[in-house]
Amino acid sequence: MASVSVDEAMRRAIELAARGLGTTSPNPVVGCVLLDDDGQVVGEGFHAYAGGPHAEIVALAQAGQRAKGGTAVVTLEPCDHTGRTGPCSSALVQAGVARVVIAVPDPNPVASGGAATLRAAGVRVDLGVRGEEAEAGNVAWLTSMRRGWPYVIWKYAATVDGRSAALDGTSMWITSEAARIDVHALRGTVDAVLAGVGTVLADDPRLTARNLRDGSLAIRQPLRVVVDSSGRTPADARVRDGAARTWIATADEVGADPDGRVDLTALLAALHQRGVRAVLLEGGPRLAGAFLRAGLVDKIVGYVAPRLLGAGPTALVDAGVSTIAEAIDLEFVDVTQIGPDLRITALPRKREG
């Protein structure tokens, strides 16, 4: 078996970590590759679900005695605390690993400190290998832990001229089935799907993650959150159907902004306390505008259909922009064709000052 470089091993660890997207929260996604002292892969692992064995533990179990004197290549600093599982730092020391290569330090004060523990035990520790790539693969969890509220993705569907529905209000379906399947896959990677009560009243969405080919529900469902300042969500709304957990977030419970609406910053802080690390904001246009106006959107995923309507509701309303100088500038990071539609992924640029 050919030996591999540490860089190659980290690339593989990042690939492994991605397998845990959507199932590990409130924990991060983590991948680990173990190399013996000849540079051959003797163990691989990833964190598959919260409460389950961590990536390092899975890799060590595969490697057995071959881990001694070897190198552990891991996407996130090994944890240094005992929770539902024991500290990975101690497990690596006990296995006799001689070197640990870490892509990203752990920002969680409860679990961090693994690097220091390893060094104190005489283990060589190197930081930063493929750090940007590993950061991108774990961006929601890392962002959430660093600032104390979830990573917010705004998803919308619209025609080329930005309409989310026709003049008569019809909106099913703006985009193709292929795009809708892609949206349900996206829902499966987040912890919560969020919509405003206006969307619930107008469209009565389920907000679940489903297989559209047969209608079956995904095994893991994100929390459904309805932003409903005054509690107008009907008792028979489909978001109350029991298919997934639902929180009707009212101003009385969460706190109100100066206009009497749900305070969005307080809402995100409350979601973080509930273990939510990534939120998919789905509707409607006014709620999206409020999130953008407050600077609370981290990523935008737009599905653009090759259609023109010329009139009708727009995908975004009142984002706090009144002149071109106030426009929210974006950085396009991906444009992919999904069926006949385009999926555009963009990051809002931070405004100066």
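Worth saying up front: this structure is predicted, and the values here are computed from it rather than measured. (Residues numbered from 1 in each chain as written. Predicted model: local features only at pLDDT ≥ 70, side-chain atom pairs only at ≥ 80, totals over all residues. Heavy atoms only, no water.)

(A) Structural detail: the domain arrangement of the chain. Under the domain assignment used here, the chain contains domain 1 (6-138) and domain 2 (148-348). Relative placement of domain 1 and domain 2: their C-alpha centres are 34 Å apart. Opposite the four residues of domain 1 that make contact, domain 2 presents six residues. The largest contributions to the domain 1 side of the interface with domain 2 come from Gly22, Ser25 and Pro26, which together make up 82% of the buried area. The tally of links from domain 1 across to domain 2 stands at zero salt bridges. Inspection of the region where domain 1 meets domain 2 yields three residue pairs in polar contact (both at pLDDT 80 or more). Here the side of domain 1 that touches domain 2 is composed, by residue class, of one nonpolar, three polar and no charged. (Domains from an automatic or database assignment. Contact = heavy atoms within 4.5 Å. Buried area = accessible area lost by both parts, 1.4 Å probe. Salt bridge = Lys/Arg side-chain N within 4 Å of Asp/Glu carboxyl O. Polar contact = N/O pair within 3.5 Å; in protein donor to acceptor, adjacent residues only side chain to side chain. Nonpolar A, V, L, I, M, F, W, Y, C, P; charged D, E, K, R; others polar.)

(B) Quick peek at the UniProt feature "binding site: Zn(2+)" (unreviewed entry) in the chain. The UniProt entry lists His54, Cys79 and Cys88 under the feature "binding site: Zn(2+)" (unreviewed entry), expressed in the numbering used here. The greatest C-alpha distance among the residues just named is 9.1 Å, despite their covering 35 residues of sequence, which places them together in space. The topology assignment puts His54 in the loop between β2 (41-46) and α2 (55-63). Not counting chain neighbours up to four residues away, the residues in contact with His54 comprise His47, Cys79, Thr85 and Cys88. In contact with Cys88, other than residues within four places in its own chain, are His54, Glu56, Ile57, Pro78 and Cys79. (UniProt positions renumbered as here; feature names shortened; annotations may be inferred. Helix = DSSP H or I, 4+ residues; strand = E, 2+ residues; numbered from the N terminus.)

(C) Region of interest: the nonpolar core. With 37 residues, the main nonpolar core has Met10, Leu34, Leu60, Val73, Leu92, Val97 and Val100 as its most contacted residues. For Leu92, the contacting residues outside a window of four places in its chain are Glu56, Leu60, Ala72, Pro78, Val97, Val100 and Leu118. Of all hydrophobic cores here, the second largest spans 28 residues; its members include Val152, Val254, Val279 and Leu292. (Core = buried A, V, L, I, M, F, W, Y, C linked by side-chain atoms within 4.5 Å. Buried < 20%, exposed > 50% of the residue type's maximum accessible area, 1.4 Å probe, protein only.)

(D) Region of the structure containing helix α1 (residues 6-17). The end-to-end C-alpha distance of α1, which contains twelve residues, comes to 16 Å, matching closely the 16 Å that a straight helix rising 1.5 Å per residue would cover. Of the surrounding elements, those touching the buried residues of α1 are β1 (31-35), β2, β3 (71-76), β4 (99-104) and α5 (131-137). (Expected span 1.5 Å × (residues − 1).)

(E) Region of the structure containing the UniProt feature "binding site: substrate" (unreviewed entry) in the chain. Sites flagged by UniProt as "binding site: substrate" (unreviewed entry) map to Ser171, Arg187, Asp203, Leu207, Arg210 and Glu282. Structurally, the position occupied by Arg187 is in helix α7 (residues 177-187). Ignoring sequence-local partners within four residues, the contact set of Arg187 consists of Val193, Leu207, Thr208, Ala209, Arg210, Pro222, Leu280 and Glu282. With respect to the helices, strands and loops of the structure, Leu207 is situated in the loop between α8 (197-203) and β8 (210-211). Judged by its relative accessible area of 4%, Leu207 falls in the buried class. What Leu207 contacts, discounting residues up to four positions off in sequence, is Arg187, Val193, Ala195, Arg224 and Val239.

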